[in-house]
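Chain by chain, the residues run as shown.
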Amino acid sequence: MRIKTIATAALVTAAALAFTGCASNETPAAGGSTAAGGSKTLTGVGSSAQKAAQEKWVAAFQTKNSTVTVNYSPDGSGAGRSAFIAGAANFAGSDRPFKDEEMGAGKFAGCAADSNALNLPVYISPIAVVFNLEGVTELTFDTDTIAGIFSGKITKWNDPAIVKTNPSAKLPDLAITAVHRGDDSGTTNNFTDTLNKTSPSVWTEKAADTFPAAFGGEAANGTSGVIQAVTGGNGSIGYADASAAGKLGKASILVNGKPLQPTADAASAILDNSKVIPGRAANDLAYSLERTSEGVYPAVLVSYAIVCQTYKDAAVGTLVKDYVGYIASADGQSAAATAAGSAPLSSALQAKVKTAIDSVK
């Protein structure tokens, strides 16, 4: 069994070199190759939030499919989408679906000329507001306060807005270091979407993959970079997939006066109140998340496997169907819940994803 991590830049370069010697209708997809001994390789790039789940999925899938090597590189959602567009990845992991304007037949190098992409939810997880404040293990914030901290309007830990929701905490007169993702990030998109929808009067920017430069703060690349930065600095706060929080404090978010922790159960409830983006193909399952429902933890990411409707290489399509079909299955979702604390897809959503992945060619 082999589990490999590969750099996106190297993938894109290799794909570009391979493209150079081929006619446009003979472009090979990255990975998906079959060696003389019958071994096969599948390449994925993307979401760092999926890292723990992907490691578990890869190990389990390869145990049952000894001739297949799955390479997943958790370089971030933006990197994954770029690699998929370039044909340098057979599938992308992304913490947001492709937007309407990013979709379209002929836009994806590894797909057939008349093929669009499909966005398939495979990983649901809360985004935790993680903190490192000496002597403080529990904190509760309303979303206006979180928006104020990350927009640079609240700068001290003993600010009245923080004291109000944490009357028993010993909050120091200490500067807040707000850490955000410095790379193109689906986690940032979901986090900024949460603040825009729940506290629009404080968070004046729309949802975006890139953290607003005007708001300042400290930038770190990848989920691991944010966790490392917050862990290394007393008075630091950041946002990351809850599975990566480790020993850092995880703040509760007040929803209609009730403090909610970033648990799997809290995360799964959001899809019950959300709808698929209108106007998409029948098997495209890109959701617009409803973050203001009562009793729902609002800072949730629904992470996707992005695949082709039809692959240029049918053998690649078969590998993708097998692997993504597994990760979206009940067994795959259970494995991810154990490894990463994610919320399993509901049985109804599993059935929809199965129908979608079964349509891939």
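The rules behind each value
Residues numbered from 1 in each chain as written. Predicted model: local features only at pLDDT ≥ 70, side-chain atom pairs only at ≥ 80, totals over all residues. Heavy atoms only, no water. Salt bridge = Lys/Arg side-chain N within 4 Å of Asp/Glu carboxyl O. Helix = DSSP H or I, 4+ residues; strand = E, 2+ residues; numbered from the N terminus. Buried < 20%, exposed > 50% of the residue type's maximum accessible area, 1.4 Å probe, protein only. Phe/Tyr/Trp six-rings, centres within 6.5 Å; stacked < 30°, edge-to-face > 60°.

Caption draft 1: The pattern of salt bridges, seen in detail. Within this structure, the stated rule accounts for twelve salt bridges. Salt-bridge contacts for Asp 100 lead to Arg 280; the nearest nitrogen and oxygen are separated by 2.8 Å. Residue Asp 100 is located in the loop between β4 (91–94) and β5 (117–132), and its partner Arg 280 is located in the loop between β13 (275–276) and β14 (287–288); the two are separated by 180 residues in the primary sequence. Lys 156 is paired through a salt bridge with Asp 173; the nearest N and O atoms lie 3.0 Å apart. One end of the pair, Lys 156, is in the loop between α4 (143–150) and α5 (160–165); the other, Asp 173, is in the loop between α5 and β7 (177–181), with 17 residues separating them in the sequence. Taking the relative accessible area as the measure of exposure, Lys 156 reaches 33% and is therefore partly exposed. By sharing partners, the salt bridges in this structure join Arg 81, Arg 96, Glu 102, Asp 184 and Asp 209 into a single network.

Caption draft 2: Here's a closer look at the packing of aromatic side chains. What the rule picks out here adds up to twelve aromatic pairs. Look at Phe 61 and Tyr 323: their rings are 5.1 Å apart centre to centre, the planes differ by 80 degrees, and that puts the pair in the edge-to-face class. Pair noted here: Phe 61 is in helix α2 (residues 51–64) and Tyr 323 is in helix α9 (residues 314–327), with a separation of 262 residues, a long-range link. For Tyr 323, a relative accessible area of 0% gives the class buried. A centroid spacing of 6.2 Å and a plane angle of 35 degrees characterise the contact between Phe 61 and Tyr 326, whose relative ring orientation is tilted. Linking Phe 61 in helix α2 with Tyr 326 in helix α9, this pair joins segments that are 265 residues apart in sequence. With a relative accessible area of 6%, Phe 61 lands in the buried category. Aromatic rings pair up to connect Phe 61, Tyr 72, Phe 91, Tyr 323 and Tyr 326 into one cluster.

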